[in-house]
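# Descriptive structure summary
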Amino acid sequence: MTNAELHLLLREMAKGSRSALARFYEELEKPVFRFILSKLNDRQEASDILHEVFLDVWRAADRFEGRSTVKTWVFGIAYRKTMDHFRKHSRMTVTAELPDLEDEAPGAFSCLVTAEEAAHLKTCLDDLKHEHRTAIELAFYEDMTYHEIAAVMDVPEGTIKSRIYHAKKLLLKCLSCRSKMGPI
């Protein structure tokens, strides 16, 4: 859905249209939930925050000024709600364990190698500072521009460029250390 279509839904929501809210929610629910869950690693808490985000969107639909895209505005709300959750629960580090999966299909070895590489990438991402990791996730998983990421994180665009540059260097270093060691 385009930014103009999302903006139109916001205007309808500002007039009280529940069907517009339903369409808006349907469009953005999955990427916003994925973003929140990547920070919390708790589906229930992520779901609670997701609903708070969309309640805030519903309440503030008439106050959207259009200084960013609608998606950026919603992700900004999600980011702030997630940070509020961390402050409230006094935890800023998140660790996640990947479930053990058994693959009996042909080519299981290549699936195992791919899973190992993905787990290593996740470990490298988890080792980044929160600000660097969030910038990388928004850029590469949510396909946001530096300008949009800056709006979500409420920092200057130059700061985002710097964070992504340094995060990529740190990720490359982390990943190359692993490749020198070879598979486990």
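Everything below is about the structure printed above this text.
Overview of the structure. (Residues numbered from 1 in each chain as written. Predicted model: local features only at pLDDT ≥ 70, side-chain atom pairs only at ≥ 80, totals over all residues. Heavy atoms only, no water.)

### So, helix α7 (residues 146-153)
Listed in full, the buried residues belonging to α7 are Glu148, Ile149, Ala150, Val152 and Met153. One or two steps after α7, the chain reaches Asp154, where phi turns positive at roughly 60°. (Buried < 20%, exposed > 50% of the residue type's maximum accessible area, 1.4 Å probe, protein only. Helix = DSSP H or I, 4+ residues; strand = E, 2+ residues; numbered from the N terminus.)

### Some points on the pattern of salt bridges
Here the structure, examined in full by the defined rule, presents twelve salt bridges. Among the salt bridges present, the one from Lys161 reaches Glu157, with a minimum N-O distance of 4.0 Å. On the criterion of helical spacing, the pair formed by Lys161 and Glu157 is a turn pair, its members being four residues apart in helix α8 (residues 157-181). The class for Lys161 is partly exposed, based on a relative accessible area of 42%. Each of Lys39, Lys122, Asp126, Arg133 and Glu137 takes part in salt bridges that share partners, so that together they form one network. (Salt bridge = Lys/Arg side-chain N within 4 Å of Asp/Glu carboxyl O.)

### Some words on unusual backbone geometry
The phi torsion at Asn41 lies on the positive side, around 55°, for a residue other than glycine. Assignment of secondary structure puts Asn41 in the loop between α2 (18-40) and α3 (43-60). Here Asn41 falls in the partly exposed class, since its relative accessible area comes to 40%. One non-glycine residue with positive phi stands out, namely Asp143, at about 55°. Positionally, Asp143 belongs in the loop between α6 (130-140) and α7. Given the relative accessible area of 66%, Asp143 is considered exposed.

Read these as geometric descriptors, not functional statements.
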